[in-house]
Amino acid sequence: MIRIGLVGVGKIARDQHIPALAADARYRLVAAASRTKPDLGVLPVFHDIEEMLAQGPALDAVALCTPPQARRETALAALRAGKHVFLEKPPGASVGEVAELAAVARAQGVVLFTSWHSRFAAGVAPAKAWLSTRRVREVAIEWREDVRRWHPGQTWIWEAGGLGVFDPAINALSILTEILPTEAFVTGATLQVPENVQSPVAAHVDMTNLDGARITADLDFLQTGPQTWDLTARTDDGVLKLSMGGAELTLDGQPVEVGENREYPGLYDRFATLIARRESEVDARPLTLVADAFLLGTRESVEAFVE
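Summary of the structure given here. (Residues numbered from 1 in each chain as written. Predicted model: local features only at pLDDT ≥ 70, side-chain atom pairs only at ≥ 80, totals over all residues. Heavy atoms only, no water.)

## Some remarks on the sheet that holds strand 10 (residues 214-220)
Quick note on the threshold: By this definition, two strands are paired if DSSP reports at least two bridges between them. In this text, helices come from DSSP runs of H or I with a minimum length of four residues, and strands from runs of E with a minimum of two, each type numbered from the N-terminal end. Here an axis means a line fitted to C-alpha atoms, over the contact stretch when the element is a helix, while the angle between two N-to-C directions is reported on a 0 to 180 degree scale. It only takes one pair of heavy atoms within 4.5 Å for two residues to be counted as in contact.
Pairing within the open sheet is mixed, and its nine strands lie in the order 14-13-12-11-7-10-9-8-15. The open sheet has two free edges, formed respectively by strand 14 (254-256) and strand 15 (297-302), since each of these has just one partner strand. Between one strand axis and the next, the sheet turns through 15° on average, direction left out of account. In this structure, strand 7 (residues 136-144) lies alongside strand 10, joined through seven bridges in parallel fashion. Across the sheet, residue Val139 finds its bridge partner in strand 10, namely Ile215. Of the strands in this sheet, strand 7, strand 11 (228-235), strand 12 (238-243) and strand 13 (248-251) are in contact with helix 5 (residues 124-131), which crosses strand 12 at around 160°. Contacting strand 8 (184-194), strand 9 (202-209) and strand 15, helix 9 (residues 285-296) runs over the sheet at an angle of about 65° to strand 8.

Right under this line is the structure:
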């Protein structure tokens with residue numbers, strides 16, 4: 001039994017983490033920490049991780065669902081207390097701090113897991129297997145969703161370190177880095193930044209890999225109506241398409257049976273396996289692609305964002 005505490009009780013924690021933990025017999029959620037002090041029934045809720053570690057029940061692990069800007073200090077507190085740590089995506093506000101956390105985890109002899117939930121979408125593993133024996137010529141990512149629907153009132157997403165449209169789009173980049181046979185890197189970008197915030201509301205990113213594939217990502221945070229989470233890969237041997245964030249897979253237009261979509265249960269299954277093996281899994285490649293887009297991107301000022 002893994003006694004786990006949850007830090008940050010927002011939408012993602014309520015929608016995904018708490019149900020996934022409740023459905024997995026290997027875990028027991030014994031405490032939470034949140035500045036909003038939500039009502040979680042009999043579960044004790046503390047103001048922050050320091051209070052939870054000092055006054056709460058015994059813990060083996062901690063899952064962090066805070067905004068990325070607050071992730072580093074919270075993760076350090078848990079690691080230094082000897083707890084295994086599950087990081088919600090993105091794993092931090094910078095690439096460097098993720099490397100720092102990995103070093104602390106090694107020194108403490110505990111597990112650090114940078115979770116990328118979209119990699120556990122039902123179509124991703126079969127897509128990776130299919131691409132492994134083929135040369136990819138072109139990849140087109142279209143990731144367009146409505147920020148007002150998925151992130152209501154979350155002002156942190158527009159601040160420095162909040163990533164803006166890259167907060168959802170990093171899911172696409174996590175799939176890209178998982179399924180491509182060779183590594184991708186950014187060659188250029190255009191970032192559209194509302195005049196009243198710090199992070200982009202839309203972006204176009206150009207990438208390639210060592211095989212010279214043309215990789216593009218078109219990202220938008222203002223799409224209403226049906227949402228678009230697609231990745232299409234053209235190869236010498238056909239066209240692969242992942243839709244609905246990786247939940248659906250087609251090959252040359254024909255649907256492939258991929259089974260039930262179980263992203264967060266898959267994440268917690270992986271975390272339990274890593275804890276049993278005492279192995280960390282730290283992958284910052286999706287965050288590195290975002291950082292490089294910010295480094296290389298041309299910024300265009302656009303009209304103010306008003307929720």
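After that view, the rundown keeps rolling.
## A look at the pattern of salt bridges
Applied cut-off: For this analysis, a salt bridge means a side-chain nitrogen from Lys or Arg found within 4 Å of a carboxyl oxygen belonging to Asp or Glu. Throughout, exposure labels follow a simple rule: accessible area from a 1.4 Å probe, protein chains only, divided by the maximum for the residue type, with under 20% read as buried, over 50% as exposed, and the rest as partly exposed.
Considering all chains together, one arrives at 18 salt bridges under this definition. Put simply, Asp236 and Arg137 hold a salt bridge, and the shortest N to O gap is 2.8 Å. Here the residue Asp236 occupies a position in the loop between strand 11 and strand 12, and Arg137 occupies one in strand 7, the gap between them amounting to 99 residues. Overall, Asp236 belongs to the exposed group, its relative accessible area being 51%. Its salt-bridge partner being Glu142, residue Arg144 comes within 2.8 Å of it at the nearest N-O pair. A relative accessible area of 32% places Glu142 in the partly exposed class. In this structure, a network of salt bridges that share partners links the residues Arg119, Lys128, Glu178, Glu183, Asp283 and Arg285.

## Considerations on the pairing of strand 2 (residues 27-33)
As a reminder, the rule being used: By definition, the crossover connecting two strands over a helix is right-handed if that path, from the first strand to the second, turns clockwise as seen with the strands pointing away from the viewer.
In terms of burial, strand 2 is a largely internal element, five of the seven residues being buried. As judged from the six bridges shared by strand 1 (residues 2-7) and strand 2, these two strands associate in the parallel manner. From the neighbouring strand, Gly5 faces strand 2, where its bridge partner is Ala31. Of the crossover connections in this fold, the one passing from strand 1 over helix 1 (residues 11-22) to the parallel strand 2 is right-handed.

## Some points on the nonpolar core
Inside soluble globular proteins, nonpolar side chains tend to come together where they are buried. This is how it is decided: What is meant by a nonpolar core is a set of buried Ala, Val, Leu, Ile, Met, Phe, Trp, Tyr and Cys residues, joined one to another through side-chain atoms within 4.5 Å.
Within the largest apolar cluster, 53 residues are counted, with the highest numbers of intra-cluster contacts made by Val139, Ile141, Phe166, Leu176, Val205, Met207 and Leu219. Residue contributions to this core peak at eight residues, all from helix 7 (residues 166-179). Apart from residues lying up to four places away in sequence, Phe166 is in contact with Leu191, Pro200, Ala203, Val205, Leu219, Val290, Ala293 and Phe294. Counting 23 residues, the second-largest nonpolar core is a separate cluster that includes Ala78, Leu87, Leu101 and Val104.

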